[in-house]
Amino acid sequence: FAAMPNTWEVVGGAEKGGILVRSGKHLKSEELSERLSTGAQLEEIALEGERLHYKKLSGAGPDSGWISISLKDKKLAVLKAKAELPGLVCFYSGGMTAAQGRSHLKDFLAAAKNVGLVHQLVLGHASEDPFRDCRSWSSYLEKLQEQVDSEKELDGRPLLIFGHSH
């Protein structure tokens, strides 16, 4: 799984017509002739300390290069959207308990963790609390949704849903 890249916005440099862009990551590398405009939207290629290697998504200035994200106490660029891998939500059928379902999914969950899917939730079965009182498929689905919504680390994250049946 590959996460979408982080996106940044240039917030500094308004008084100077944008911020300085260099051809390399080092502060002594060649300065590009054009500045990157305030408000420019950037895709992160690499972040090394306070130096951002970017590809420009919108705005005026060089299509790519290296910038400082801050200068002394002043922010020059801010992280707009931190890319995140999806959360993994698993369910199983066949009347297994949650413990049995986790056991069946153990190797899959471990492999998923190894590729970065660390936020995982195994949903409970209809025969277990808090689902026992569900009298219809729609009430069961509502309870499942509540279970997903209650997991803070999944909040706002795309979900990868995996179903297992034995």
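For every chain, the first residue of its written sequence is number 1, and the numbers climb from 1 along that sequence. Thresholds applied to this predicted model are a pLDDT of at least 70 for local features of residues and 80 or more for the giving and counting of side-chain atom pairs; totals over whole chains, interfaces and linings are not thresholded and use all residues. For the side-chain quantities, the full set of heavy atoms in the structure was used; hydrogens and water were omitted.

*Asks:* Go over the environment of G13 with me, naming the residues and quoting the values.
*Replies:* If you trace the backbone, G13 turns up in the loop between β1 (7-10) and β2 (41-48). Each C-alpha atom of the pair G13 and T38 lies 6.0 Å from the other, and the pair is 25 residues apart in sequence. Only heavy atoms matter for contacts: two residues are in contact if any of them lie within 4.5 Å across the pair. If we skip the residues at most four places from it in the chain, G13 touches G18, I19 and T38. Helix numbering and strand numbering both begin at the N terminus, where a helix is a DSSP run of H or I of at least 4 residues and a strand a DSSP run of E of at least 2.

*Asks:* Could you give an account of a nonpolar patch on the surface, naming the residues involved and the relevant values?
*Replies:* A patch consists of residues whose relative accessible area exceeds 30% and which take part in no salt bridge; residues with like charges are grouped when within 9 Å of each other, and nonpolar side chains (Val, Leu, Ile, Met, Phe, Trp, Tyr) when within 5 Å. Only the protein chains shown count as cover for residues, and all accessible areas are computed by the Shrake-Rupley method using a 1.4 Å probe. Whenever Lys or Arg places a side-chain nitrogen within 4 Å of a carboxyl oxygen from Asp or Glu, that contact is recorded as a salt bridge. Taken together, F91, L159 and I161 make up a surface patch of nonpolar side chains, about 280 Å² in accessible area. Examined against the element boundaries, I161 turns out to sit in strand β10 (residues 159-164). Each residue gets one of three labels from its accessible area relative to the maximum for its type: buried under 20%, exposed over 50%, partly exposed in between, using a 1.4 Å probe on protein chains only. Residue I161 is classed as exposed on the basis of its relative accessible area, which comes to 57%.

*Asks:* Got a sec to walk through the nonpolar core? Specific residues and values, please.
*Replies:* Where a protein is soluble and globular, its nonpolar side chains tend to be buried together. One finds L36, L42, L52, Y54 and I67 to be the most contacted residues of the largest nonpolar core, which totals 13 residues. For this core, the elements supplying multiple residues, two or more each, are β1 and β3 (51-58). Apart from residues no more than four positions distant in its own chain, I67 is found in contact with I19, L20, V21, L36, L42, E50, R51, L52, Y54 and A77. With eleven residues, the next largest nonpolar core counts L88, A98, L109 and A112 among its residues. Put simply, buried Ala, Val, Leu, Ile, Met, Phe, Trp, Tyr and Cys residues joined by side-chain atoms within 4.5 Å make one nonpolar core.

*Asks:* Would you mind going over the packing of aromatic side chains in detail, with residue names and values included?
*Replies:* Paired rings are identified among Phe, Tyr and Trp, the last through its six-membered ring, by centres lying within 6.5 Å, and are further divided according to the angle between planes into stacked (under 30 degrees), edge-to-face (over 60) and tilted (the rest). Scanning all chains against the criterion turns up three aromatic pairs. Ring geometry for F108 versus F162: centroids 4.0 Å apart, planes at 20°, classification stacked. Taken as a pair, F108 in helix α1 (residues 98-114) and F162 in strand β10 lie far apart in primary sequence, 54 residues in all. Take F108: its relative accessible area is 31%, and that puts it in the partly exposed class. For F162, a relative accessible area of 27% gives the class partly exposed.

*Asks:* Describe in detail the sheet that holds strand β8 (residues 87-92), supporting the description with residues and values.
*Replies:* Only strands that DSSP links by at least two bridges are regarded as paired with each other. Spatially, three strands are ordered β9-β8-β10 in an open sheet, and the strand pairing comes out parallel. Each edge of the open sheet is held by one strand with a lone partner, namely β9 (120-122) and β10. Each strand of the sheet is rotated relative to its neighbour by a mean of 15°, with strand direction disregarded. Sheet topology note: the β8/β10 ladder contains six bridges and is parallel. Structural elements are reduced to axes, namely lines fitted to C-alpha atoms, with helices fitted over the stretch in contact, and the angle between N-to-C directions of any two is expressed from 0 to 180 degrees.

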